[in-house]
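Okay, here's what each chain looks like letter by letter:
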There are 2 protein chains.
Amino acid sequence: MIANAMKADTRANHDLTRNQALVFGVLEGSEAPLSAYSILDQLREDGLRAPLQVYRALEKLVDFGLVHRLESLNAFVACNHPSGPEAGESHGTVAFAICEKCDNVAEFADPDFVERLRGWAKAEGFEPHSTIIELRGLCEGCCVA
Amino acid sequence: MIANAMKADTRANHDLTRNQALVFGVLEGSEAPLSAYSILDQLREDGLRAPLQVYRALEKLVDFGLVHRLESLNAFVACNHPSGPEAGESHGTVAFAICEKCDNVAEFADPDFVERLRGWAKAEGFEPHSTIIELRGLCEGCCVA
DNA sequence: GACGTAATGTTATACAATAACATTATTGCG
DNA sequence: CGCAATAATGTTATTGTATAACATTACGTC
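Note that this is a predicted model, so its numbers are computed, not measured.

*Asks:* How should I be thinking about the packing of aromatic side chains in this particular structure?
*Replies:* Think of a pair of aromatic rings as described by two things: how far the centres are apart, and how the planes are tilted against each other in angle. Evaluation of the coordinates by the stated rule reveals 6 aromatic pairs over all chains. Seen from their ring centres, Tyr 37 of chain A and Tyr 55 of chain A are 6.4 Å apart, and the 70 degrees between their planes marks the pair as edge-to-face. One end of the pair, Tyr 37 of chain A, is in helix α3 (residues 36–42); the other, Tyr 55 of chain A, is in helix α4 (residues 51–64), with 18 residues separating them in the sequence. Looking at Tyr 37 of chain A, the relative accessible area reads 47%, which means it is partly exposed. By the ring-pair criterion, three or more aromatic residues cluster together here, those being Phe 108 and Phe 113 of chain A together with Phe 113 and Trp 120 of chain B.

*Asks:* Whenever I open this one, the environment of Ala 121 of chain B confuses me. Can you help?
*Replies:* Mapped onto the secondary structure, Ala 121 of chain B falls in helix α5 (residues 111–124). Ignoring sequence-local partners within four residues, the contact set of Ala 121 of chain B consists of Leu 135 of chain A together with Phe 126 and Pro 128 of chain B.

*Asks:* Before we go on, may I ask you to explain unusual backbone geometry in this structure?
*Replies:* Leaving glycine aside, a negative phi is the common case for residues, and trans is the common case for peptide bonds. All names here are of chain A. One non-glycine residue, Asn 74, lies in the positive phi region at around 50 degrees. For Asn 74, the position within the fold is in the loop between β1 (67–70) and β2 (75–78). The phi torsion at Asp 103 lies on the positive side, around 70 degrees, for a residue other than glycine. Relative to the elements of secondary structure, Asp 103 occurs in the loop between β3 (95–99) and β4 (105–108). A relative accessible area of 38% places Asp 103 in the partly exposed class.

*Asks:* Quick question: what am I supposed to make of the relation of the copies chain A and chain B here?
*Replies:* Mapping one chain copy onto the other needs a rotation about an axis and a shift along that axis. Each copy of the sequence occupies a distinct position, and chain A is placed on chain B by a rotation of 180 degrees and an axial shift of 0.0 Å, giving an RMSD of 0.1 Å. With respect to symmetry, the two chain copies, as superposed, fit the operation of a two-fold axis. Using C-alpha coordinates, one finds that chain A approaches the rotation axis most closely at Ile 133 of chain A, a distance of 2.3 Å. Taken together, the interface assignments show that 100% of the residues at the interface of chain A recur at the interface of chain B, consistent with an identical surface on both copies.

*Asks:* What is the right way to read the pattern of salt bridges from this model?
*Replies:* Two side chains with opposite charge may pair up if their charged atoms get near one another. In total, this model carries 10 salt bridges over all chains according to the counting rule given. One salt bridge in this structure joins Glu 71 of chain A and Arg 69 of chain A, with 3.3 Å as the shortest N-O distance. Overall, Arg 69 of chain A belongs to the partly exposed group, its relative accessible area being 33%. One continuous salt-bridge network, built from bridges that share partners, spans Asp 110 and Asp 112 of chain A together with Arg 116 of chain B.

*Asks:* Just to check I follow, could you spell out the packing of helix α2 (residues 18–28) of chain A against α4 of chain A for this structure?
*Replies:* Between two packed helices, what matters for the description is the angle formed by their axes and the separation of those axes. All names here are of chain A. Remark: α2 packs on α4, axes separated minimally by 9 Å, with the N-to-C direction vectors making an angle of 75 degrees. In terms of their interaxial angle, α2 and α4 are classed as roughly perpendicular. Between α2 and α4, the contacting residues are Asn 19, Gln 20, Val 23, Phe 24 and Leu 27 on the first element and Gln 53, Val 54, Ala 57, Leu 58, Lys 60, Leu 61 and Phe 64 on the second. Residues belonging to the contact of α2 with α4 are distributed by class as follows: 8 nonpolar, 3 polar and 1 charged.

Definitions and limits used
- Residues numbered from 1 in each chain as written.
- Chains lettered and ligands numbered in written order.
- Predicted model: local features only at pLDDT ≥ 70, side-chain atom pairs only at ≥ 80, totals over all residues.
- Heavy atoms only, no water.
- Phe/Tyr/Trp six-rings, centres within 6.5 Å; stacked < 30°, edge-to-face > 60°.
- Helix = DSSP H or I, 4+ residues; strand = E, 2+ residues; numbered from the N terminus.
- Buried < 20%, exposed > 50% of the residue type's maximum accessible area, 1.4 Å probe, protein only.
- Contact = heavy atoms within 4.5 Å.
- Least-squares fit on C-alpha atoms with pLDDT ≥ 70 in both.
- Salt bridge = Lys/Arg side-chain N within 4 Å of Asp/Glu carboxyl O.
- Axes fitted to C-alpha atoms, helices over the stretch in contact; angles between N-to-C directions.
- Parallel < 35°, antiparallel > 145°, perpendicular 65-115°, else oblique.
- Nonpolar A, V, L, I, M, F, W, Y, C, P; charged D, E, K, R; others polar.

See below:
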């Protein structure tokens, strides 16, 4: 209940437009990450017709921190990291563990970890503005099976 | 000279086919990462005509550890990490720092860093078979300018 | 030389993302 | 309120990325 309230609140805070809300709804209701085109397919009956309508909504949702893009899959997931979107780290660096069997995605943020990465970047004189960390493999359930 | 000798040796060890050698040659000669299609464009006069010829060569080269795929760019670079391809870590986890201004790519491997990532994965019961780490930002030169 | 395997060539197609332009809401402000 | 600025939308066309399917050719090995 609290979680749902927070989610609704999160949406409200960002005052999602119709298309954004539709796209976010589809992602929230999906276990697995979805491509822009499969999102579109699920929204045809709601009036969406062109990829661009989905891509535009996704761009905003990613900006808001409500959705993540998985670079290695060309797909998107609703943000769901353990600490919740209300934590200060909403827009911080996050790592993803992507199961290649069941498509489940686990999300985590380790401050020390990120610190180490920043340390290396600084030593190299590199100024990062975004960081992508994606593990591909098998999740606990699929590992055993 | 030594470096060149080693590179030649590396190629020889893997007994590259004609197409693989052509593709690898183009990547070696490029500062910036290249897309499969721009590699193709540079190899038309050598007889290559279809994307698949490039993608097939790239797949092998990535398997051999001679080439890396940058997921966030849909592009490829010749392997060039500091320790050199002859080090034991050829196929280990590598991180990339991609300059968005000059397209330069720095490659590095930090064992402690990787260890920490593996530790988290293990705690989660996740069994990774590949790890993607890509920093996007500005390199030292472009940062100042 | 016959067989299994790997690499190649070719055409067509699927999937992902953006360009360009016209139109409609929304918001803020005088 | 009315108007201007800004943001969101709709639509068509195009560009870019990657693979399917199938025929052919080279290569190693027994």
